Amino acid sequence: MVVKNNEFLQISGDFNMTYVLGLTGGIASGKSTVSNYLYEQGAVVIDADIVSRQVVRPEAKGLLALVSEFGKQIQNEDGTLNRAALGEIIFNDQKKRDVVNGLLHPLIKEEMLNQVKFAEEKGVDLVVLDIPLLFESKCEQYCDAVLVVDVSPETQKGRLMRRNDFTQKEAQARIDSQMDPAERKKRADFVVNNDASEEQTYQQVDILLEDILN
Ligand SMILES: CC(C)(COP(=O)(O)OP(=O)(O)OC[C@H]1O[C@@H](n2cnc3c(N)ncnc32)[C@H](O)[C@@H]1O)[C@@H](O)C(=O)NCCC(=O)NCCS
Ligand SMILES: Nc1ncnc2c1ncn2[C@@H]1O[C@H](COP(=O)(O)OP(=O)(O)OP(=O)(O)O)[C@@H](O)[C@H]1O
């Protein structure tokens, strides 16, 4: 099950409206750190990175579409997606990235919206849509508000290199494939800064939760 289904905030009944909070930010900005915390506070989290893995499972529509576009070079010997090979292609070529996004994003969006509908029917109070490319794929229309996790370019690159064991060049290619952070912040309803400790980030999220749930 992809939805991190949490009991705390689930109050059944027809009068309960679900608040859909979009969560986005650059690569390695701290979206999972924030969404894990929101989950601990009782939210149902729907994560686009997890759904994007589902749509490229062996035999799934997304993988078949990718193989017919790029050939078997993007598959491992066991038929699963070779993530490093696809990453190499899309983070270094904007046209190919657009092709991949065009093939996968409709499938990802459809599955995520099904999960939102399911949560709404269950009367969940707070659903978090964790979507790295939220604005690029025009998903703000499905959210009551959008929270952007912001970090300085130095923090972002350092954390990305450390976490993924990337070179400067590999990290920069991924950062450059995404929206300008200033533009992302301009479009946000809420911004949480994640340059300091996780604890300081959680405190900002607590204030936000007070705001949206009361
Ligand atoms: C290229 C792939 C195979 C690389 O896999 P890998 O395991 O190395 O990374 P992972 O999937 O965990 O993604 C890590 C981060 O990369 C960034 N990213 C992923 N895809 C894209 C993209 N198309 N454009 C820009 N940034 C992207 C996001 O910040 C994401 O959180 C994978 O990211 C993928 O299938 N991307 C296409 C689907 C997509 O757009 N996913 C983003 C969520 S909608
Ligand atoms: N406040 C913090 N202090 C120190 N390290 C942090 C902090 N927040 C996140 N990190 C670390 O930075 C890395 C990126 O964080 P996280 O995985 O939450 O980002 P993300 O935005 O979800 O990444 P992606 O875009 O790849 O999905 C992780 O290794 C995480 O442990």
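Because the structure is a prediction, the values reported are computed rather than measured.

Q: An account of the overall build of the protein is requested, with residue identities and associated values reported.
A: In terms of helices and strands, the protein carries nine helices and five strands. Secondary structure of the protein in N-to-C order comes out as β-α-β-α-α-α-α-β-β-α-α-α-β-α. For the protein, the C-alpha radius of gyration of 18 Å lies close to 17 Å, the compact-globule estimate for 214 residues. Dimensions of the protein, computed from the C-alpha atoms along their principal axes, are close to 50 × 40 × 25 Å. The buried share among the 214 residues of the protein stands at 48%. Taking the contacts inside the protein whose residues are at least 6 apart along the sequence as the reference set, 74% of them involve residues at least 24 apart. One way to put it: in the protein the 24 positive side-chain charges average out to a point 7 Å from where the 35 negative ones average out.

Q: Can you explain the UniProt feature "binding site: ATP" (unreviewed entry) in the protein? Please cite residues and give values.
A: The sites that UniProt annotates as "binding site: ATP" (unreviewed entry) are Ala28, Ser29, Gly30, Lys31, Ser32 and Thr33. Annotated residues from the preceding list that form part of the lining of the second largest pocket: these are Ser29. Turning to its location among the elements, Ala28 is positioned in the loop between strand 1 (19–25) and helix 1 (31–40). Once residues within four sequence positions are removed from consideration, Ala28 is found in contact with Gln156, Arg159, Leu160 and Arg163. Here Gly30 lies in the loop between strand 1 and helix 1.

Q: Outline the site of ligand 1, supporting the account with residue identities and numerical values.
A: Close to ligand 1 lie 17 residues, the nearest being Asp49, Arg83, Asn101, His105 and Gln178. A distance of 2.7 Å separates an oxygen atom of ligand 1 from a polar atom in the side chain of Asp49. A distance of 3.2 Å separates an oxygen atom of ligand 1 from a polar atom in the side chain of Arg53. When ligand 1 is considered free in solution it has 770 Å² of accessible area, and contact with the protein chains removes 89% of it. Of all elements in the fold, only helix 2 (48–54), helix 4 (83–90) and helix 5 (94–121) reach the threshold of two or more residues within the shell around ligand 1.

Q: So, a negative patch on the surface: which residues are in play, and what are the values?
A: Taken together, the side chains of Glu198, Glu199, Asp206, Glu210 and Asp211 make up a negatively charged region of the molecular surface. Inspection of the secondary structure assignment puts Glu198 in helix 9 (residues 198–213).

Q: Summarise unusual backbone geometry; cite the residues concerned and give the values.
A: Of note in this structure, Ala28 is not a glycine but carries a positive phi near 60°. The phi angle at Lys138 is positive, at roughly 55°, despite the residue not being glycine. As for its placement among the helices and strands, Lys138 is situated in the loop between strand 3 (126–130) and strand 4 (145–150). Exposure remark for Lys138: the relative accessible area of 55% places this residue in the exposed category.

Q: Can you explain the packing of helix 4 against helix 5? Please cite residues and give values.
A: Contact geometry of helix 4 with helix 5 gives a least axis separation of 7 Å together with a crossing angle of 125°. Between helix 4 and helix 5, the angle is such that the two are oblique. Listed contacts from helix 5 to Leu86, Ile89 and Ile90 of helix 4 are Lys96, Arg97 and Val100. Here the contact of helix 4 with helix 5 is built from residues that sort into four nonpolar, no polar and two charged.

Q: An account of the layout of surface pockets is needed here, citing residue identities and associated values.
A: In this model, the second largest pocket occupies a volume close to 230 Å³. Along the wall of the second largest pocket there are 20 residues; nearest its centre are Pro153, Gln156, Ile175, Pro181 and Arg184. For the lining of the second largest pocket, the element with the most residues is helix 6 (residues 153–164), which contributes four residues. Its residues assigned to classes, the lining of the second largest pocket comprises seven nonpolar, seven polar and six charged.

Q: Describe the pattern of salt bridges, naming the residues involved and giving the relevant values.
A: A full pass over the atoms with the stated rule returns six salt bridges. Among the charged side chains, a network of salt bridges with common partners joins Glu140, Glu183, Lys186 and Arg187.

Procedures and definitions
Residues numbered from 1 in each chain as written. Chains lettered and ligands numbered in written order. Predicted model: local features only at pLDDT ≥ 70, side-chain atom pairs only at ≥ 80, totals over all residues. Heavy atoms only, no water. Helix = DSSP H or I, 4+ residues; strand = E, 2+ residues; numbered from the N terminus. Rg over C-alpha atoms; globule rule 2.2 N^0.38 Å. Buried < 20%, exposed > 50% of the residue type's maximum accessible area, 1.4 Å probe, protein only. Contact = heavy atoms within 4.5 Å. Lys, Arg positive; Asp, Glu negative; His and termini not counted. Charge placed at Lys NZ, Arg CZ, Asp CG, Glu CD. UniProt positions renumbered as here; feature names shortened; annotations may be inferred. 1 Å grid on protein atoms, 1.4 Å probe; cavity = no way out; pocket = protein on both sides within 12 Å on 5 of 7 lines; lining within 4 Å. Near = heavy atom within 4 Å. Polar contact = N/O pair within 3.5 Å; in protein donor to acceptor, adjacent residues only side chain to side chain. Areas by Shrake-Rupley, 256 points an atom, 1.4 Å probe, with all protein chains shown as cover. Patch = residues over 30% accessible without salt bridge, like charges linked within 9 Å, V, L, I, M, F, W, Y side chains within 5 Å. Salt bridge = Lys/Arg side-chain N within 4 Å of Asp/Glu carboxyl O. Axes fitted to C-alpha atoms, helices over the stretch in contact; angles between N-to-C directions. Parallel < 35°, antiparallel > 145°, perpendicular 65-115°, else oblique. Nonpolar A, V, L, I, M, F, W, Y, C, P; charged D, E, K, R; others polar. Points joined across faces, edges and corners; volume = space filled by probe spheres on them.

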